[in-house]
Amino acid sequence: MESSHRTPFHPPERSASLQSLIRHKLPELVELERLLAEFNSQITHRVLGNVTYQEHSLPIYAIDLGTHDANKPRLLICGGVHGVERIGTHVVLALCRVWFRRMQWEKSLLECFRQISVTFIPIVNPVGMLLGRRSNGNGVDLMRNAPIDAEDAPFMVSGQRISSWLPWYRGKNNEFELENKLIENEVQRLTQETPLLLSLDCHSGYGVSDRIWFPYAYRRRPMNDIAPVVALKLLWESSYPNHRYVFEPQSNNYLTHGDIWDYFYKKYGRNRALFLPLTLEMGSWNWVRKRPLQLLKFEGLFNPLVPHRQQRTLRRHLPLMDFLRHAVNSFENWVPNPDEKRSLTQMAHSLWYKDI
Ligand SMILES: [Zn+2]
């Protein structure tokens, strides 16, 4: 049952053993609940649902801020879908702290939040994060779990139904995991009435570059309405010319089954909202390249383990997040009209789809 609070925040009653487990294995939840307590008067939080680990229950929180006017544009920011990629959650929590603190003094930020709403889901997969693994408590890779099949995908890494003991397990046929159902409820709700929903799902990825991915993961052909994505890419690159994200469809890298953003885009992309689902893939090889000893720790493959590198990562993506907030607020100034769409669609083909 979903609940919503603006009364003083108290963490749920927990046994001493669960408290100790969370403190040692899931400090991100401690930080999240600390934010809820500290900034209680400025934000609203909801428990979207609870997932279980052994006899314990762990909440999946959403934090809302901004206008309640459903006709205004919206931003959704998620992290921690893959439990081992903790840095995604760290980036989201760091952003929460920055914006919540700035809301206490910065008029222009408050003005912005009168025009848009933002929903954060910082820890989508708390059991996976507690266990330090990619999959959820059922051994399912949440990013391979949606009922959508890739057209020509590599074996295993694209998702498999052989066993939950192997990586990239898609789950049983047609069983959508609870964590994904909870995100789906949010996407369904957030794409109603509003003119625009822009989402950003924060992961750590392979390679040295930071990448911004957009659908599709399941096929090489472009999204039905690719023009707004090109417009957003051009807006970002002209406004922040010294930032070096690779902006591309996931299919430029590899195809996968069951990508939830593919699935949500196909299912809700025709709602009233223009829906632009983006994924941030932070290049993790940078951290490994500069500190090969990281490879001795499994989580070192996916996260910066040295404090100054962690800090650098946390501040590095703030301009992107602020840009997305401004882009959502000023969407009328860049979402293309039908005439502009033709040339932007041509540009998309020459940028990303020349080979098909
Ligand atoms: Zn990931």
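Throughout what follows, the structure given in this document is the object of discussion. Because the structure is predicted, anything quoted here is derived from the model rather than measured.

The rules behind the values
Residues numbered from 1 in each chain as written. Predicted model: local features only at pLDDT ≥ 70, side-chain atom pairs only at ≥ 80, totals over all residues. Heavy atoms only, no water. Helix = DSSP H or I, 4+ residues; strand = E, 2+ residues; numbered from the N terminus. Rg over C-alpha atoms; globule rule 2.2 N^0.38 Å. Buried < 20%, exposed > 50% of the residue type's maximum accessible area, 1.4 Å probe, protein only. Contact = heavy atoms within 4.5 Å. Pairing = 2+ DSSP bridges. Phe/Tyr/Trp six-rings, centres within 6.5 Å; stacked < 30°, edge-to-face > 60°. Donors = N, O, S within 2.8 Å, 3.2 Å for Na, K, Ca; no water. Tetrahedral: all angles 85-135°; square planar, octahedral: opposite > 155°, others 65-115°. Salt bridge = Lys/Arg side-chain N within 4 Å of Asp/Glu carboxyl O. Core = buried A, V, L, I, M, F, W, Y, C linked by side-chain atoms within 4.5 Å.

Topic: the overall build of the protein
- Within the protein one finds 12 helices and nine strands.
- Taken over the C-alpha trace, the protein has a radius of gyration of 20 Å; the compact-globule value for 356 residues is 21 Å, and the two agree within 12%.
- Counting only C-alpha atoms, the protein reaches 60 × 50 × 40 Å along its principal axes.
- Within the protein, the fraction of its 356 residues that count as buried is 58%.
- The long-range share in the protein, meaning contacts at least 24 apart out of those at least 6 apart in sequence, stands at 80%.

Comments concerning the pairing of strand β6 (residues 196–205)
- Burial runs high along β6: 10 of the 10 residues are buried.
- Of the two faces of β6, the one holding L196, L198, L200, C202 and S204 and the one holding L197, S199, D201, H203 and G205 are both buried throughout.
- Bridge analysis of strand β4 (residues 74–79) against β6 gives six bridges, and the strand direction is parallel. Bridging from a neighbouring strand, C78 pairs with D201 of β6.
- When β6 meets strand β9 (residues 274–283), the two strands line up parallel, connected through 10 bridges. Pairing of G205 across the sheet is with G283, part of β9.

Some details on the environment of A94
- Within the secondary structure, A94 sits in helix α3 (residues 86–102).
- Residues A94 and Q311, spaced 217 residues apart in sequence, show a C-alpha to C-alpha distance of 9.6 Å.

Let's talk about the packing of aromatic side chains
- Under the criterion given, the structure shown has 20 aromatic pairs.
- Note on W213 and Y254: the rings are 5.9 Å apart at their centroids and 85° apart in plane angle, and the pair reads as edge-to-face. You can see W213 sitting in strand β7 (residues 211–214) and its partner Y254 sitting in the loop between β8 (246–249) and α8 (260–268), a full 41 residues away along the chain.
- Judged by its relative accessible area of 6%, W213 is buried.
- Consider the rings of W236 and Y240, whose centres lie 4.7 Å apart with planes at 15°: the pair is stacked.
- Every member of this aromatic cluster is reached through a ring pair, and the members are F39, W99, F100, F113 and F120.

Side note on the coordination of the zinc ion
- Within the protein, the atoms that donate to the zinc ion are H82 (ND1), E85 (OE), E85 (OE) and H203 (ND1), at distances of 2.0 to 2.6 Å.
- Coordination geometry of the zinc ion: the four donor atoms subtend angles of 54 to 150° at the metal centre, consistent with an arrangement described as irregular.
- Positions of the donor residues of the zinc ion along the chain correspond to the pattern H-x2-E-x117-H. A residue pair is termed long-range when its members are at least 10 positions apart, and E85 in the loop between β4 and α3 and H203 in strand β6 qualify at 118 residues. Comparing E85 with H203 shows no difference in burial state: the two are buried.

Regarding the pairing of strand β3 (residues 56–66)
- The buried fraction of β3 amounts to nine of the 11 residues, a majority that puts the element mostly inside the structure.
- The pairing of strand β2 (residues 44–53) with β3 spans nine bridges and is antiparallel. Note on β3: the bridge partner recorded for T44 is D64.
- Counted along the chain from β2 to the antiparallel partner β3, the turn is two residues long, and its residue Q54 has a positive phi close to 50°.
- Inspection of the sheet shows β3 paired to strand β5 (residues 117–121) by four bridges, in the antiparallel sense. Bridge assignment links G66 to a residue of β5, and that residue is S117.

Observations concerning the pattern of salt bridges
- The full count for this structure, using the stated rule, is 22 salt bridges.
- We note a salt bridge from R221 to E151, for which the minimum N-O separation is 2.7 Å. Taken as a pair, R221 in the loop between β7 and α7 (227–239) and E151 in the loop between α5 (126–131) and α6 (178–190) lie far apart in primary sequence, 70 residues in all.

A short note on the nonpolar core
- Within the largest apolar cluster, 102 residues are counted, with the highest numbers of intra-cluster contacts made by L58, F100, F120, F214, W261, F264 and M321.
- Examining the composition of this core, we find that nine residues originate from one element, α3, more than from any other.
- Sequence-distant contacts of F264, that is, excluding residues within four places in its chain, are made with F176, N180, I183, E184, V187, G269 and F275.

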